[in-house]
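Examining the three-dimensional arrangement
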Amino acid sequence: MKQNTTPTIPVRIPVSFEDVSRVELIFKKENSKKYPALLHKVFNKEDITIEQGTTDGYFILQVPFTAEETMSFPAGEIYMDTLLVLEGEVIPETNIITLNVRETLFEEVYQGDRNNVEGAGSTLY
């Protein structure tokens, strides 16, 4: 994933969709509970659209990101942990995965307001 972009990443959820109540994702710079969260995303069952052809036993959650969210990620490795809450408040074990974030060169241009770019055309520095 690259900073200042709006990617959607597929996350394979290793349980049957029918059993899910909620999916939470947390992103941190370090693989440690001592570090603050960079981002926390929550998907309630009614907000999840599953892909056609998903089989029993797992489903693919398409996780969208805003440009502001990807800018909150530092370049390099970050860690994503998944919390699955099943019907009956059962919480199965999941793995922490590593994501690679690439730096952008556009940070100084947009500085948080993608709709207000000064000037038009090309600028030579």
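Details of the structure are given in the entry above.
A look at the overall build of the protein chain
Regarding its fold elements, the protein chain presents two helices and six strands. Of the contacts formed within the protein chain by residues at least 6 apart in sequence, a portion of 68% connects residues at least 24 apart. For the protein chain, the accessible surface area stands at approximately 8400 Å², while carbon and sulfur atoms represent 48% of it.

Comments concerning the pairing of strand β1 (residues 8–13)
In β1, alternate side chains face the same way, and those of Ile9, Val11 and Ile13 are buried while those of Thr8, Pro10 and Arg12 on the opposite face are not. In the sheet, β1 pairs with strand β4 (residues 59–64) via six bridges, with the strands oriented antiparallel. Along β4, the bridge assignment pairs Arg12 with Ile60.

Side note on the sheet that holds strand β3 (residues 37–44)
Reading across from one edge, β3-β2-β5-β6 is the order of the four strands in this open sheet, with antiparallel pairing throughout. The sheet terminates laterally at β3 and β6 (97–101), the two strands that pair on one side only. Here the strands of the sheet are splayed against their neighbours by 25° on average, with no regard to which way each runs. As paired elements, strand β5 (residues 76–86) and β6 share five bridges and run antiparallel to each other. Within the sheet, the bridge partner assigned to Gly76 lies in β6 and is Val101.

Considerations on the nonpolar core
In terms of nonpolar packing, the biggest core is built from 24 residues, with Val23, Phe27 and Phe59 touching the most fellow members. Mapped onto this core, the elements with two or more residues apiece are β1, β2 (20–28), β3, β4, β5 and β6.

Remarks on unusual backbone geometry
Backbone geometry places Asn4, a non-glycine residue, at a positive phi of 65°. Considering the arrangement of structural elements, one finds Asn4 in the segment before β1. Asn4 sits in the buried class, given a relative accessible area of 11%. For Glu89, which is not glycine, the phi torsion reads 60° and is therefore positive. Assignment of secondary structure puts Glu89 in the loop between β5 and β6.

About the cut-offs
- Residues numbered from 1 in each chain as written.
- Predicted model: local features only at pLDDT ≥ 70, side-chain atom pairs only at ≥ 80, totals over all residues.
- Heavy atoms only, no water.
- Helix = DSSP H or I, 4+ residues; strand = E, 2+ residues; numbered from the N terminus.
- Contact = heavy atoms within 4.5 Å.
- Areas by Shrake-Rupley, 256 points an atom, 1.4 Å probe, with all protein chains shown as cover.
- Buried < 20%, exposed > 50% of the residue type's maximum accessible area, 1.4 Å probe, protein only.
- Pairing = 2+ DSSP bridges.
- Axes fitted to C-alpha atoms, helices over the stretch in contact; angles between N-to-C directions.
- Core = buried A, V, L, I, M, F, W, Y, C linked by side-chain atoms within 4.5 Å.

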